Amino acid sequence: MNDFLSPTAVATIREPTVFGPQRWRRLLGPLIGLGALFLAAAVIVIAIPGEQAEGTLLGASGTVSGGIARINGVIPLESDGWLPEEPATVLTESADDGTHRVRIILELTALEAEGLEYSANDFTITGRGAAKSRLLWADPKSAILAQGEVITATQVFEIPNQAIDLILETDAARFALGAGHHTG
């Protein structure tokens, strides 16, 4: 018996392919593993908070010591020309180059039996692309609310034009300011 091909047998010649079926089967396992690794890395980057945690969304209520607070508005002063009833020299001066001023309307509600203590000086604005912004003006500057009382406080800050992810914060809470106040 002859183990060799007979001269009359038809020989099939296959063209070499870079990614033939066998090669794909061999690469499929590592490709799936690599994809899973990238997916896991993306989930970790998104799920683990960065240097700054997000604040309570604009318009939503967040917990503060003694009750809740909510930002009802972040309004650039340049857009509506608002000025307080009592003259405030600091607000009549021009904002520094690369900055604009915003009026923050903050509603506070005392829920706890001991009430809620508010001081405008406890609030600052921070965010990416911004150093801490100081409070320029506030009304009221401070208040003590009994359980069930509600006040609306107005605060004015000077913030960078191009800063992103701005947060109004105190030691007890963080409130996102949104992006509607940004100027070009």
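Refer to the structure above for everything that follows.
Note that this is a predicted model, so its numbers are computed, not measured. (Residues numbered from 1 in each chain as written. Predicted model: local features only at pLDDT ≥ 70, side-chain atom pairs only at ≥ 80, totals over all residues. Heavy atoms only, no water.)

## Here we look at the overall build of the protein
Part 1: Counting secondary structure elements, the protein contains 3 helices and 11 strands.
Part 2: If you list the helices and strands of the protein from N to C, you get α-β-β-α-α-β-β-β-β-β-β-β-β-β.
Part 3: Within the protein, buried positions represent 34% of all 184 residues.
Part 4: For the protein, the proportion of contacts with a sequence separation of at least 24, taken over those separated by at least 6, is 68%.
Part 5: In the form shown here, the protein has an accessible surface area of approximately 12500 Å², with 57% of it arising from carbon and sulfur atoms. (Helix = DSSP H or I, 4+ residues; strand = E, 2+ residues; numbered from the N terminus. Buried < 20%, exposed > 50% of the residue type's maximum accessible area, 1.4 Å probe, protein only. Contact = heavy atoms within 4.5 Å. Areas by Shrake-Rupley, 256 points an atom, 1.4 Å probe, with all protein chains shown as cover.)

## Details of the sheet that holds strand 1 (residues 61-64)
Part 1: Strand order in the open sheet formed by 5 strands is 1-2-3-9-7, with antiparallel pairing between adjacent strands. On the outer flanks of this sheet lie strand 1 and strand 7 (135-139), each paired with one strand and no other. The average undirected angle you get between the axes of adjacent strands in this sheet is 30 degrees.
Part 2: With 4 bridges joining them, strand 7 and strand 9 (residues 150-160) adopt antiparallel strand pairing. Bridging across to strand 9, Trp-137 finds its partner in Val-156. (Pairing = 2+ DSSP bridges. Axes fitted to C-alpha atoms, helices over the stretch in contact; angles between N-to-C directions.)

## A closer look at the packing of aromatic side chains
Part 1: Tallied over the entire structure, the rule returns 1 aromatic pair.
Part 2: Ring plane angle 45 degrees and centroid distance 5.9 Å describe the contact between Tyr-118 and Phe-123, whose orientation is recorded as tilted.
Part 3: Overall, the relative accessible area of 3% leaves Tyr-118 in the buried class. (Phe/Tyr/Trp six-rings, centres within 6.5 Å; stacked < 30°, edge-to-face > 60°.)

## Observations regarding a nonpolar patch on the surface
Part 1: Together, Leu-34, Leu-37 and Phe-38 give the surface a local cluster of nonpolar side chains, amounting to about 340 Å² of exposed area.
Part 2: With respect to the element layout, Leu-34 can be found in helix 1 (residues 21-47).
Part 3: Leu-34 sits in the partly exposed class, given a relative accessible area of 43%. (Patch = residues over 30% accessible without salt bridge, like charges linked within 9 Å, V, L, I, M, F, W, Y side chains within 5 Å. Salt bridge = Lys/Arg side-chain N within 4 Å of Asp/Glu carboxyl O.)

## Digging into the nonpolar core
Part 1: If you look at the biggest cluster of nonpolar residues, it comprises 27 residues, and the most contacted ones within it are Tyr-118, Phe-157 and Leu-168.
Part 2: At the level of secondary structure, the elements contributing two or more residues to this core comprise strand 2 (67-76), strand 3 (99-110), strand 4 (116-119), strand 7, strand 8 (142-145), strand 9 and strand 10 (164-169).
Part 3: Considering every element that reaches this core, the biggest residue donor is strand 3, with 5 residues.
Part 4: Leave out the neighbours within four places in its chain, and Tyr-118 touches Leu-106, Leu-108, Phe-123, Pro-140, Lys-141, Ser-142, Ala-143, Ile-151, Ala-153 and Gln-155.
Part 5: Core analysis: the next-biggest nonpolar cluster, separate from the first, contains 6 residues, Leu-77, Ala-88, Leu-91 and Val-156 among them. (Core = buried A, V, L, I, M, F, W, Y, C linked by side-chain atoms within 4.5 Å.)

## Notes on the layout of surface pockets
Part 1: Each pocket or cavity is described by its volume, and for the second largest pocket that value is around 300 Å³.
Part 2: Taken together, 17 residues make up the lining of the second largest pocket; nearest its centre are Ser-65, Glu-117, Tyr-118, Ser-119 and Asp-122.
Part 3: At the level of secondary structure, the elements contributing two or more residues to the lining of the second largest pocket comprise strand 4 and strand 8.
Part 4: Among the elements that line the lining of the second largest pocket, the one with the most residues is strand 4, at 4 residues.
Part 5: Among the residues making up the lining of the second largest pocket, the classes are represented as 8 nonpolar, 6 polar and 3 charged. (1 Å grid on protein atoms, 1.4 Å probe; cavity = no way out; pocket = protein on both sides within 12 Å on 5 of 7 lines; lining within 4 Å. Points joined across faces, edges and corners; volume = space filled by probe spheres on them. Nonpolar A, V, L, I, M, F, W, Y, C, P; charged D, E, K, R; others polar.)

## Considering the side chain of Arg-103
Part 1: One can find Arg-103 in strand 3.
Part 2: Apart from the residues lying within four places of it in its own chain, the contact partners of Arg-103 are Gly-73, Val-74, Ile-75, Leu-77, Asp-80, Trp-82, Thr-154, Gln-155 and Val-156.

## Concerning the environment of Phe-123
Part 1: Assignment of secondary structure puts Phe-123 in the loop between strand 4 and strand 5 (124-128).
Part 2: In this structure the C-alpha to C-alpha distance between Phe-123 and Arg-134, which are 11 residues apart in sequence, comes to 8.2 Å.
Part 3: For Phe-123, the residues in contact, after removing those within four places along its chain, are Leu-106, Tyr-118, Gln-155, Phe-157, Leu-168, Glu-169 and Thr-170.

## Some words on the pattern of salt bridges
Part 1: According to the stated counting rule, one finds 3 salt bridges in the structure shown.
Part 2: Between Glu-158 and Arg-101 there is a salt bridge; the shortest N-O distance is 2.9 Å. Of this pair, Glu-158 sits in strand 9 while Arg-101 is found in strand 3, placing the two residues 57 residues apart along the sequence. Residues Glu-158 and Arg-101 agree in their burial class; the two are buried.

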